[in-house]
Amino acid sequence: MNYALLDRGDRLSRELSKKFQTLASARGFTVNEKSPDIVLSIGGDGTLLQAFHRFKEQIEEVAFIGIHTGHLGFYADWKKDELSELLDLMVTSQPGRVQYPLLHIDITTRTGTSEYLALNEFTLKSVDGTLVAALHINDEPFEMFRGDGIVISTPSGSTGYNKSLGGAVIHPFLEALQIAEIASINNRVYRTLGSSVILPKHHHCDIIPDPEEELFIGIDHLVMQMSDVQSITCRVSEKKVTFARYRPFPFWNRVREAFIGSGNH
Ligand code: NAD
């Protein structure tokens, strides 16, 4: 089996990474950073986000496995003391291939349109404070947003930033995107819906900011500063991310363990 490995870079993750490589080569696995079948990340959810972005050009050819070195992650769900068990399963069994929807983002400036793919979410904020932007759904004006920002998440990203904003947790079998507000201003002059909105596949939303406004644009953990943005279009991507599942770990169990605690019955 060909695999690539990415670790968080701290001492524990580097040590685990070395241990994994030793155990894997003893089982006949080969490191292949260019076209791996399996991509392993050792660290946390942030490390898996980095691995996703490193391999996003070949996203339909790879399957991800996340190992966490701290607390249970949403993507990083193998524990640090389970490396041998994981490797034995990789030798002896075929994994289930679980696929989750992704978010496609088009950002148009005067010089052209750039495409992005997000595993968790797209975030829009203004560098100077209040963001003012028109939101259209399926080419119809929906609302004029004024506030700290807008987060558009995937179903698997719905437990990340979106959840902190009061957005719903969405099962990743639903092909959808969720628009959540960050501190919208709502009074007699300004009005937005106030709750998060969930769009199905084949719907799209456009955000039209003031092109003079300097913006912070986040794609998962990556943040860039952009000006001259004419419009931003978000829709459910045609592509999906694949996770190799060597043992079942249902989404709702992960939600319970991460946010409620397994002993709280
Ligand atoms: P980070 O180190 O600040 O991690 C933030 C936390 O988000 C970590 O505990 C991580 O485990 C968790 N997380 C990431 N993806 C998740 C998901 N899909 N479901 C549940 N928890 C998730 O930042 P990072 O490691 O670079 O990760 C970037 C992510 O952090 C963003 O994609 C965003 O979802 C999240 N974030 C959350 C907030 C917030 O909740 N207020 C703010 C900014 C970013």
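Residues numbered from 1 in each chain as written. Predicted model: local features only at pLDDT ≥ 70, side-chain atom pairs only at ≥ 80, totals over all residues. Heavy atoms only, no water.

Observations regarding the environment of threonine 242
Here is step 1 of the chain: Assignment of secondary structure puts threonine 242 in strand β16 (residues 229–245).
Here is step 2 of the chain: Given a relative accessible area of 1%, threonine 242 falls into the buried group.
Here is step 3 of the chain: Separated by 230 residues in the primary sequence, threonine 242 and leucine 12 have C-alpha atoms spaced 26 Å apart.
Here is step 4 of the chain: The contacts of threonine 242, once residues within four sequence positions are left out, are Val62, Ala63, Phe64, Arg97, Val98 and Gln99.
Here is step 5 of the chain: There is a polar contact of 2.9 Å between the side chain of threonine 242 and the side chain of glutamine 99. (Helix = DSSP H or I, 4+ residues; strand = E, 2+ residues; numbered from the N terminus. Buried < 20%, exposed > 50% of the residue type's maximum accessible area, 1.4 Å probe, protein only. Contact = heavy atoms within 4.5 Å. Polar contact = N/O pair within 3.5 Å; in protein donor to acceptor, adjacent residues only side chain to side chain.)

Digging into unusual backbone geometry
Here is step 1 of the chain: The phi torsion at histidine 202 lies on the positive side, around 80 degrees, for a residue other than glycine.
Here is step 2 of the chain: Relative to the helices and strands, histidine 202 is located in the loop between β12 (197–200) and β13 (204–209).
Here is step 3 of the chain: When its relative accessible area of 66% is taken as the criterion, histidine 202 is described as exposed.
Here is step 4 of the chain: For aspartate 220, which is not a glycine, the phi torsion comes out positive at approximately 55 degrees.
Here is step 5 of the chain: With respect to the element layout, aspartate 220 can be found in the loop between β14 (215–219) and β15 (222–226).
Here is step 6 of the chain: Using a relative accessible area of 9% as the deciding quantity, one classes aspartate 220 as buried.

Focus on the nonpolar core
Here is step 1 of the chain: With 27 residues, the main nonpolar core has Phe122, Ile152, Ile217 and Ile232 as its most contacted residues.
Here is step 2 of the chain: If near-sequence neighbours (up to four positions away) are discounted, phenylalanine 122 is found in contact with Leu103, Ile105, Ile107, Ile150, Val151, Ile152, Ile207, Ile217, Gly218, Ile219, Ile232 and Cys234.
Here is step 3 of the chain: The next biggest cluster of nonpolar side chains, apart from the first, holds 22 residues, and it includes Leu6, Leu119, Phe243 and Phe251. (Core = buried A, V, L, I, M, F, W, Y, C linked by side-chain atoms within 4.5 Å.)

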